[in-house]
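The chain contents come next:
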Amino acid sequence: MQKVYKILVLALVTSLVGIPGHSQTTGSDTTITNIDVDLLNIFNQKTPRKYKVASVKVVGNRTFDENLLTSIANINVGDEITIPGGDNFSKAITKLWGQNYFSNVEIYLTKLEGRNIDVEIAVTERSRLSKFYFRGVRKGESEDLSGKTGLVPNRVVTENMKITAVEAIKKYFAEKGFRDTRVNIVEKKDTTFNNSLTLDFMIDKGPKVKINNINIGGNTVDAHKLKKQFKDTKERSRLTLHPTFDSGYIVKPQRYTFEQYLKDNGYLTWSKTKRVLDPYVRIKLTGAKFDEKKYAEDKENLLDYYNSLGFRDAVIEKDTVYHTAKSGLNIDIKVNEGHRYYFGNITWRGNTKFSDSILTAILGIRKGDIYNLEVLNKKLGKSASPDGGDISGLYQDDGYLFFRTDPVETAVYNDTIDYEIRIVEGPQATIKNIRISGNDRTKEYVIRRELRTIPGEKFSRTDLIRSQREIAQLNYFNQEKIKIDPVPNPDDGTVDINYGVEEKSSDQLELSAGWGGYIGLTGTLGVSFNNFSIRNIFKKTAWDPLPMGDGQKLSLRVQSNGKAFRSYNFSFTEPWLGGKKRNALTVSVYNTKYGQTYDPLTGQYNPNVADERYISTTGATVSLAKQLKWPDDYFSLSLGINYTRYKLSNYAIDPTNLPGFENGVVNNINFRIALQRSSVDQPLFPRGGSTFLLSLQVTPPYSLIDPNINSTANPYSFIEYHKWRFNGEWYVPLGKPHGEDRNKQFVLKASAKYGFLGRFNSKLAISPFERFQVGDAGLSNQFALLGYDIIAHRGYPVYDNSDPKVNPDKQTASQYFTIFNKYTLEMRYPLSLNPSSTIYALGFFEAANGWYSFKDYNPFKLRRSVGLGMRFFLPMFGLLGFDYGIGLDRFTNGGALKDATRFTFMLGFEPE
């Protein structure tokens with residue numbers, strides 16, 4: 001048989017290939033019988049000639065289509081190729097090689113007939129990844145690496161893939177403190193699949209590297225203060241330097257003063273400490289890992305701190321990070337502080353609206369103050385905050401939108417810097433157009449009536465910020481996605497303001513059903529529409545699925561527990577009565593019945609007993625709230641009138657103080673006035689502002705008008721009382737925002753609440769109605785039928801004793817307080833601010849108590865508790881809350897820890 005030779009084409013070299021791997025055999029005979037001399041000499045001719053491609057063939061491809069490869073190579077039948085001198089073949093090889101799918105690419109000329117040539121493209125496909133494993137690491141680390149390395153089965157294995165994976169592995173462990181991680185790759189052929197590889201990443205993490213010492217040289221500023229600026233680069237505790245270091249602990253078998261210990265370890269500034277360590281004290285060590293990226297950020301923090309101290313020329317001349325003998329790191333930093341500078345004379349130029357003295361007072365920088373460029377820029381408003389109080393805010397609140405400042409150093413002498421603040425006031429800008437977008441359900445007028453920016457009025461930054469707050473308070477939109485974009489028009493001195501919102505669901509649905517044994521069917525159906533449109537309720541086209549968008553609130557709720565309990569509630573609120581002013585009208589109607597199902601005669605539970613032994617409550621409330629202009633427009637005043645009718649049938653409401661009073665009708669007609677100020681920035685997760693509420697609920701003084709209005713048989717035909725309430729809440733953001741979401745930060749909530757129930761006639765007992773139930777989770781129960789204010793106290797059950805030394809161990813109380821105090825501190829952190837699920841965690845300290853008279857009142861005798869909790873705000877369901885509290889006084893008064901803890905649950909609202 002013949003053996004046919006072919007010419008291997010390279011970019012710059014042509015050669016006759018006689019290697020078996022590069023030949024084509026038509027049989028088993030290896031004897032050369034024919035050589036195409038013309039084909040052999042095609043690249044040796046002196047004069048370039050054009051040849052036409054007669055055929056193109058691809059060999060060696062297993063997974064890729066031949067047409068695809070010829071298309072990539074861009075060599076097609078009919079193409080003319082100049083030989084020698086043409087670059088078609090070199091370009092084809094480059095393009096195919098660039099796909100990273102092949103380990104070898106060759107092009108052959110297999111036949112020459114006249115000016116026609118046959119081309120063969122030979123490729124060797126790279127192996128594909130079948131499986132990969134991370135050896136020498138824990139399961140959790142292996143799962144993390146799977147996502148970070150970017151390895152995907154069935155992809156082509158390339159050197160770049162392996163290098164990228166190794167770098168990702170080393171980076172992952174470097175962030176955990178393993179800076180000397182070594183990775184070896186073991187490749188194995190996978191016989192299960194053709195041309196497949198299994199990669200084993202053999203990982204040796206090595207020892208965990210901790211920072212032993214951070215040594216700072218060249219400084220005059222205290223090194224301890226400088227090291228505090230390293231937020232994420234911390235040195236290992238000094239305790240690790242003690243000679244009795246053993247297995248991560250300090251062990252000292254003799255009496256050893258804490259003062260001497262600190263001296264031995266370099267803490268000379270603490271020499272006055274007189275504490276003593278007991279024998280065999282074991283102190284757990286702490287340390288810090290090293291992260292290159294965070295270290296770079298911390299060096300910038302160090303220079304920023306120097307700048308804040310007036311050392312504006314401070315630089316880090318050099319820094320060295322090196323290993324120590326015991327798998328640790330030392331960091332040596334040499335700084336050049338330069339001179340410390342101070343502010344000199346500050347003059348103003350270009351200001352006509354405000355005098356120099358006013359601007360200087362607002363700037364708040366005096367001659368001789370330590371130089372701090374950041375403070376200067378902040379006071380000028382170049383890094384303006386919503387709090388205002390800067391020069392830019394002063395001008396922009398008076399319409400000077402085009403205002404700008406340019407602080408210029410006019411003189412630098414010795415250690416003093418003089419500044420001239422050059423002001424360009426520009427014209428006052430007038431608001432021209434207000435545009436609103438994103439409100440798919442809410443009517444535009446509902447948003448416009450909340451805005452403080454009105455076309456034709458002067459621009460004001462304060463009004464802009466206040467408008468954003470008012471939109472957020474509606475709770476119809478994603479509070480994190482409210483956008484305000486002022487668009488200045490310098491040509492005519494106006495500004496357009498574009499508001500962007502994103503609708504979210506604010507309606508709530510409550511639905512449950514069950515079977516209660518002898519009680520029968522139980523269930524709850526409740527709906528709350530917080531952006532309702534009652535005027536479109538009879539328009540068929542508006543039901544999509546409900547008439548929405550006018551900002552009204554409609555709530556319906558039906559609850560049944562067989563004959564034992566049932567409740568009907570209806571309420572409606574029009575927040576802008578008349579449509580011109582924020583006058584909120586609320587109307588509510590309710591009816592509730594609670595029946596006792598226990599039969600004392602038979603000692604059995606019988607639902608029919610509830611027909612004879614029950615209390616029912618029927619009532620209605622009308623209230624009107626008006627926004628005030630004085631002292632500021634955060635205040636509102638509400639007036640309301642309520643009528644509640646209680647009907648008792650063989651039901652004792654106060655067997656202790658009123659034995660025998662089990663039947664009759666009680667009427668409660670009361671008036672309520674409340675003064676409130678609320679400046680919180682948003683309703684679901686407030687991060688700033690405060691809320692104060694002072695209210696008085698009062699009935700007519702019947703006994704002073706007609707002493708005989710109530711009989712002995714029914715001493716409460718018309719109940720009389722005056723009830724005072726005060727609530728105060730403050731929200732304070734702490735520190736800087738954390739994580740990728742710059743809105744996430746810790747928030748401290750502090751609150752104080754007080755209540756007092758009094759009487760008009762000293763000869764009469766204080767009403768058993770409208771008292772204060774203190775303790776437990778604050779969820780409503782049957783006693784709410786009597787109008788009790790339910791005051792939650794996490795970590796304690798409901799209690800009726802004012803002495804904190806008495807452990808409450810009852811689930812209900814025999815009577816309720818007429819006075820209460822409650823104080824709360826909560827540290828909150830948002831886990832999710834998504835409108836579909838706002839979630840935050842909290843830790844709390846709480847102190848509360850109740851009393852029956854001012855004679856017993858002692859505001860310092862409080863029951864204390866601490867604990868942790870979670871809050872979930874979910875569309876259609878409202879609030880879900882869980883708290884785990886420890887009643888400290890239950891524990892310290894002799895109770896076991898397990899008896900002092902209490903898990904509480906809340907649904908639908910935040911308890912008082």
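Residues numbered from 1 in each chain as written. Predicted model: local features only at pLDDT ≥ 70, side-chain atom pairs only at ≥ 80, totals over all residues. Heavy atoms only, no water.

### Some points on a nonpolar patch on the surface
Here is step 1 of the chain: A contiguous nonpolar surface patch, about 470 Å² in accessible area, is contributed by Leu-509, Leu-511, Leu-525, Val-558 and Tyr-568.
Here is step 2 of the chain: Take Leu-511: it is sitting in strand β26 (residues 508–515).
Here is step 3 of the chain: According to the relative accessible area criterion, Leu-511 is exposed, its value standing at 64%. (Patch = residues over 30% accessible without salt bridge, like charges linked within 9 Å, V, L, I, M, F, W, Y side chains within 5 Å. Areas by Shrake-Rupley, 256 points an atom, 1.4 Å probe, with all protein chains shown as cover. Salt bridge = Lys/Arg side-chain N within 4 Å of Asp/Glu carboxyl O. Helix = DSSP H or I, 4+ residues; strand = E, 2+ residues; numbered from the N terminus. Buried < 20%, exposed > 50% of the residue type's maximum accessible area, 1.4 Å probe, protein only.)

### Section: the packing of aromatic side chains
Here is step 1 of the chain: By the definition in use, this model includes 36 aromatic pairs.
Here is step 2 of the chain: The residue whose ring lies beneath Arg-126 is Trp-97, and the NZ or CZ to ring-centre distance is 5.7 Å.
Here is step 3 of the chain: If you follow Arg-312 out to its NZ or CZ, it ends over the ring of Tyr-371, 5.6 Å from the centre. (Phe/Tyr/Trp six-rings, centres within 6.5 Å; stacked < 30°, edge-to-face > 60°. Lys NZ or Arg CZ within 6 Å of the ring centre and 35° of its normal.)

### Quick word on a positive patch on the surface
Here is step 1 of the chain: Taken together, the side chains of Lys-148, Lys-171, Lys-176, Lys-208, Lys-289, Lys-293 and Lys-294 make up a positively charged region of the molecular surface.
Here is step 2 of the chain: Mapped onto the elements of the fold, Lys-294 is located in helix α8 (residues 292–308). (Lys, Arg positive; Asp, Glu negative; His and termini not counted. Charge placed at Lys NZ, Arg CZ, Asp CG, Glu CD.)

### Here we look at helix α3 (residues 88–97)
Here is step 1 of the chain: Turning to α3, its buried residues number three or more, namely Phe-89, Ala-92, Ile-93 and Leu-96. All buried residues of α3 fall inside an arc of 95 degrees around its axis, so they share one side. (Arc of directions from axis to C-beta.)

### Points about the side chain of Asp-550
Here is step 1 of the chain: Here Asp-550 lies in the loop between β27 (521–532) and β28 (552–561).
Here is step 2 of the chain: Among the polar contacts made by the side chain of Asp-550, one reaches the side chain of Arg-535 at a distance of 3.1 Å.
Here is step 3 of the chain: Discounting chain neighbours no more than four positions away, the residues touching Asp-550 are Lys-443, Tyr-445, Val-446, Arg-449, Asn-531, Phe-532, Ser-533, Arg-535 and Asn-536. (Polar contact = N/O pair within 3.5 Å; in protein donor to acceptor, adjacent residues only side chain to side chain. Contact = heavy atoms within 4.5 Å.)

### Brief notes about the packing of helix α4 (residues 139–148) against helix α5 (residues 159–175)
Here is step 1 of the chain: Relative to each other, α4 and α5 sit at 130 degrees, their axes nearing to 10 Å. Relative to α5, the element α4 is oriented oblique. For the pair α4 and α5, the sense of crossing is right-handed. Together, Glu-141, Asp-144, Leu-145 and Lys-148 of α4 and Ala-168, Ile-169, Tyr-172 and Phe-173 of α5 make up the contact between the two elements. (Axes fitted to C-alpha atoms, helices over the stretch in contact; angles between N-to-C directions. Parallel < 35°, antiparallel > 145°, perpendicular 65-115°, else oblique. Left-handed = near helix turned anticlockwise from the far one by under 90°.)

### A short note on unusual backbone geometry
Here is step 1 of the chain: Looking along the chain, the bond that leaves Ile-83 and enters Pro-84 is cis, with omega of -10 degrees.
Here is step 2 of the chain: Within the secondary structure layout, Pro-84 lies in the loop between β6 (80–83) and α3.
Here is step 3 of the chain: The omega torsion of the bond from Trp-630 to Pro-631 falls at 0 degrees, within 30 degrees of zero and hence cis.
Here is step 4 of the chain: Phi is positive for Asn-74, which is not a glycine, with a value near 60 degrees.
Here is step 5 of the chain: Along the chain, Asn-74 turns up in the loop between α2 (66–73) and β6.
Here is step 6 of the chain: For Asn-74, a relative accessible area of 44% puts it in the partly exposed group.

### Quick look at the pairing of strand β36 (residues 689–698)
Here is step 1 of the chain: Pairing geometry for strand β35 (residues 664–678) and β36, over 8 bridges, is antiparallel. Across the sheet, Arg-677 pairs through a bridge with Phe-692, a residue of β36.
Here is step 2 of the chain: In terms of strand pairing, β36 meets strand β37 (residues 722–734) through 10 bridges, oriented antiparallel. Bridged to Leu-694 within β37 is Phe-726. (Pairing = 2+ DSSP bridges.)

### Concerning the pattern of salt bridges
Between side chains of opposite charge, a pair can form as their charged atoms come close.
Here is step 1 of the chain: A full pass over the atoms with the stated rule returns 46 salt bridges.
Here is step 2 of the chain: For Glu-470, the salt bridge goes to Arg-452, with nearest N and O atoms at 3.8 Å. Within this pair, whereas Glu-470 is found in helix α13 (residues 461–474), its partner Arg-452 is found in the loop between α12 (444–448) and α13, the two being separated by 18 residues in sequence.
Here is step 3 of the chain: On the basis of relative accessibility, which here comes to 18%, the residue Arg-452 falls in the buried class.

### Describing the sheet that holds strand β20 (residues 342–349)
Here is step 1 of the chain: If you trace the 3 strands from one edge of the open sheet to the other, you get β20-β22-β21, paired in mixed fashion. A single partner strand is all that each edge strand has here, and the edge strands are β20 and β21 (404–413). When the angles between neighbouring strand axes are averaged without regard to direction, this sheet yields 25 degrees.
Here is step 2 of the chain: Across the sheet, helix α9 (residues 356–363) lies against β20 and β22 (416–424), angled at about 140 degrees from β20, the strand it touches most.

### Comments concerning the nonpolar core
Here is step 1 of the chain: Counting residues in each nonpolar core, the largest one holds 27 residues, and the members touching the most others are Val-666 and Phe-769.
Here is step 2 of the chain: Of all elements in the fold, only β34 (635–649) and β39 (772–774) reach the threshold of two or more residues within this core.
Here is step 3 of the chain: One finds Leu-39, Val-56, Phe-89 and Ile-107 within the second-largest nonpolar core, a separate group that totals 26 residues. (Core = buried A, V, L, I, M, F, W, Y, C linked by side-chain atoms within 4.5 Å.)

### Some remarks on empty space enclosed by the protein
Here is step 1 of the chain: All chains considered together, the criterion is met by 2 cavities of 30 Å³ or more.
Here is step 2 of the chain: In this structure, the largest cavity encloses a volume near 70 Å³.
Here is step 3 of the chain: Forming the walls of the largest cavity are Phe-477, Asn-478, Gln-479, Glu-480, Lys-504, Gln-682, Leu-684, Phe-685, Leu-833, Pro-835 and Thr-838.
Here is step 4 of the chain: In terms of residue class, the lining of the largest cavity is built from 5 nonpolar, 4 polar and 2 charged. (1 Å grid on protein atoms, 1.4 Å probe; cavity = no way out; pocket = protein on both sides within 12 Å on 5 of 7 lines; lining within 4 Å. Points joined across faces, edges and corners; volume = space filled by probe spheres on them. Nonpolar A, V, L, I, M, F, W, Y, C, P; charged D, E, K, R; others polar.)

### Comments concerning the environment of Asn-670
Here is step 1 of the chain: Its location among the elements puts Asn-670 in strand β35.
Here is step 2 of the chain: Given a relative accessible area of 3%, Asn-670 falls into the buried group.
Here is step 3 of the chain: Along the primary structure Asn-670 and Thr-699 are separated by 29 residues, whereas in three dimensions their C-alpha atoms are 4.3 Å apart.
Here is step 4 of the chain: In this view, Asn-670 contacts Gly-640, Ile-641, Asn-642, Gln-697, Val-698, Thr-699 and Tyr-721; residues no more than four positions away in its chain are not counted.
Here is step 5 of the chain: In this structure the side chain of Asn-670 is engaged in a polar contact, spanning 3.4 Å, whose partner is the side chain of Tyr-721.

### Section: α8
Here is step 1 of the chain: The end-to-end C-alpha distance of α8 is 25 Å, a good match for the 24 Å that 17 residues give at a rise of 1.5 Å each.
Here is step 2 of the chain: Every buried residue of α8 is accounted for by Tyr-295, Asp-298, Leu-302, Leu-303, Tyr-305 and Tyr-306. When α8 is viewed along its axis, its buried side chains cluster within an angular range of 155 degrees and face the same direction.
Here is step 3 of the chain: In this structure, the buried side of α8 is in contact with α6 (223–228), β18 (315–323) and β19 (328–336).
Here is step 4 of the chain: One side-chain oxygen of the residue at the start of α8 lies 3.0 Å from the amide nitrogen of Lys-293, identifying that residue as Asp-291. (Expected span 1.5 Å × (residues − 1).)

### Some points on the confidence of the model for the protein chain
Low-pLDDT stretches of the model should not have their predicted coordinates read in fine detail.
Here is step 1 of the chain: Per-residue confidence for the protein chain gives a mean pLDDT of 82; residues scoring 70 or more make up 84%.
Here is step 2 of the chain: Of the regions scoring below 50 in pLDDT, residues 1–5 engages in 21 contacts with residues more than four places distant in sequence or in other chains.
Here is step 3 of the chain: In the predicted structure, residues 261–286 sits below a pLDDT of 50 and forms 50 contacts with residues beyond four places in sequence or in another chain. (pLDDT = per-residue confidence, 0-100.)

### Thoughts on the environment of Gly-381
Here is step 1 of the chain: Mapped onto the fold, Gly-381 is located in the loop between α10 (373–380) and α11 (391–396).
Here is step 2 of the chain: Taking the relative accessible area as the measure of exposure, Gly-381 reaches 12% and is therefore buried.
Here is step 3 of the chain: Considering only alpha carbons, one finds Gly-381 and Thr-405, 24 residues apart in sequence, at a separation of 8.7 Å.
Here is step 4 of the chain: Setting aside its immediate chain neighbours within four residues, Gly-381 contacts Asp-390 and Ser-392.

### A word on the sheet that holds β19
Here is step 1 of the chain: The 3 strands lie next to each other as β12-β19-β18, forming an open sheet whose pairing is mixed. Each end of this open sheet is capped by a strand with a single partner; those strands are β12 (210–217) and β18. Shown here is a sheet whose adjacent strand axes are inclined to one another by a mean of 15 degrees, direction ignored.
Here is step 2 of the chain: As paired strands, β12 and β19 are joined by 7 bridges and run parallel to one another. Opposite Gly-217, over in β19, you have Lys-334 as the bridge partner.
Here is step 3 of the chain: In this fold α8 packs onto β18 and β19, with an angle of close to 145 degrees to the strand it touches most, β18.

### Some details on the side chain of Lys-205
Here is step 1 of the chain: On the secondary structure map, Lys-205 appears in the loop between β11 (196–204) and β12.
Here is step 2 of the chain: Residue classification places Lys-205 among the buried positions, given a relative accessible area of 15%.
Here is step 3 of the chain: A distance of 3.3 Å separates the side chain of Lys-205 from the side chain of Glu-141, its partner in a polar contact.
Here is step 4 of the chain: Excluding residues within four positions of it along the chain, Lys-205 makes contact with Val-137, Arg-138, Glu-141, Phe-173, Phe-178, Asp-180 and Thr-181.

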